[in-house]
Amino acid sequence: MADHEDEHETLVEKILEKIHDHDDSSSSSSSDSDDGKSKSFDSAKSKIFRLFGREKPLHKVLGGGKSADVFLWRNKKISAGALGGATALWVLFELLGYHLVTLVCHILIVSLAILFLWSNACTFINKSPPRIPELRLPENCVLEVVSTVRIEINFALAVLRDIASGRDLKEFLGVIAGLWVLSLVGKWFNFLTLFYIAFVLLHTLPVLYEKYEDHVDSFAEKATVEIKKQYVVFDAKVLSKIPRGPLKDNKKD
């Protein structure tokens with residue numbers, strides 16, 4: 001009788017072990033399948049075409065700081081204030097014919113006159129004069145701005161030198177076409193209007209692109225494929241027939 005009970009207990013233990021092993025295998029297989037699905041989703045997501053070949057979010061592409069917040073309207077009051085201020089300045093200078101030096105001088109005249117009269121009036125009415133803050137331009141801020149401008153100028157000069165050396169015909173034609181379009185636009189608008197248009201575009205295009213990112217990227221992908229096809233045809237019919245200089249031969253030697 002005892003032997004029969006022992007055999008019954010071992011049989012029950014074996015059944016429980018098989019059930020436990022089956023649960024472990026099913027859970028591991030489900031986790032593996034979930035990992036496989038997540039990996040496949042990540043790989044598919046990484047293969048999505050993005051405008052200008054970017055891999056980072058648009059906020060990081062724009063700098064990721066306060067300037068990116070302004071361009072993407074994260075703080076609507078600051079963005080609206082910046083755009084409204086730029087519009088007011090453009091109306092003053094462009095439509096009303098105001099000049100920058102005149103505007104600065106008039107602002108200083110009014111400000112100094114108000115502060116001077118206020119300070120002298122306080123002595124007659126026995127009140128404390130206004131506290132005028134001491135304004136100073138920090139040295140670190142100026143050095144950082146100058147360093148950033150210097151780096152950008154050196155990069156632009158290096159790019160122009162590389163283009164002028166004749167190494168990349170495609171890049172050369174692209175830059176020439178861009179400069180030609182810019183020269184045509186410069187005939188229609190003055191520098192202030194161009195600066196204002198660029199400022200408005202910076203405050204409208206990024207936020208619109210972020211809102212309709214998938215649609216714009218899909219259209220840009222189709223346009224890029226079509227442009228590449230047309231470039232291949234243009235290269236076969238025109239560019240390939242242009243005699244190349246001895247630059248590449250000299251490099252090989």
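Residues numbered from 1 in each chain as written. Predicted model: local features only at pLDDT ≥ 70, side-chain atom pairs only at ≥ 80, totals over all residues. Heavy atoms only, no water.

Let us look at the packing of aromatic side chains. For the coordinates displayed, the defined rule picks out one aromatic pair. Ring centres 5.0 Å apart and planes at 10° place the aromatic pair Trp-90 and Tyr-196 in the stacked group. Pair noted here: Trp-90 is in helix H4 (residues 76-95) and Tyr-196 is in helix H8 (residues 191-211), with a separation of 106 residues, a long-range link. For the pair shown, Trp-90 and Tyr-196 are each scored as buried. (Phe/Tyr/Trp six-rings, centres within 6.5 Å; stacked < 30°, edge-to-face > 60°. Helix = DSSP H or I, 4+ residues; strand = E, 2+ residues; numbered from the N terminus. Buried < 20%, exposed > 50% of the residue type's maximum accessible area, 1.4 Å probe, protein only.)

Our next topic: the environment of Glu-210. Mapped onto the secondary structure, Glu-210 falls in helix H8. Residues Glu-210 and Leu-58 lie 152 residues apart in sequence; the distance between their C-alpha atoms is 7.2 Å. Ignoring sequence-local partners within four residues, the contact set of Glu-210 consists of Leu-58, Leu-72 and Arg-74. (Contact = heavy atoms within 4.5 Å.)

What follows concerns the confidence of the model for the chain. Averaged over all residues, the pLDDT of the chain is 76; the fraction at 70 or higher stands at 74%. Put simply, helix H10 (residues 247-252) is where the chain has its lowest mean pLDDT, 47, and H4 is where it has its highest, 90. Contacts from residues 247-253, a stretch scored under 50 in pLDDT, to residues over four places away or in other chains number four contacts. (pLDDT = per-residue confidence, 0-100.)

Even without being a glycine, Trp-73 presents a positive backbone phi close to 60°. By the secondary structure assignment, Trp-73 is in the loop between helix H3 (66-71) and H4. With a relative accessible area of 25%, Trp-73 lands in the partly exposed category.

For the structure on display, the rule yields two salt bridges. Taking the shortest distance from any N to any O, the salt bridge between Arg-74 and Glu-210 comes out at 2.9 Å. With Arg-74 in the loop between H3 and H4 and Glu-210 in helix H8, the pair connects residues that are 136 residues apart, well separated along the chain. (Salt bridge = Lys/Arg side-chain N within 4 Å of Asp/Glu carboxyl O.)

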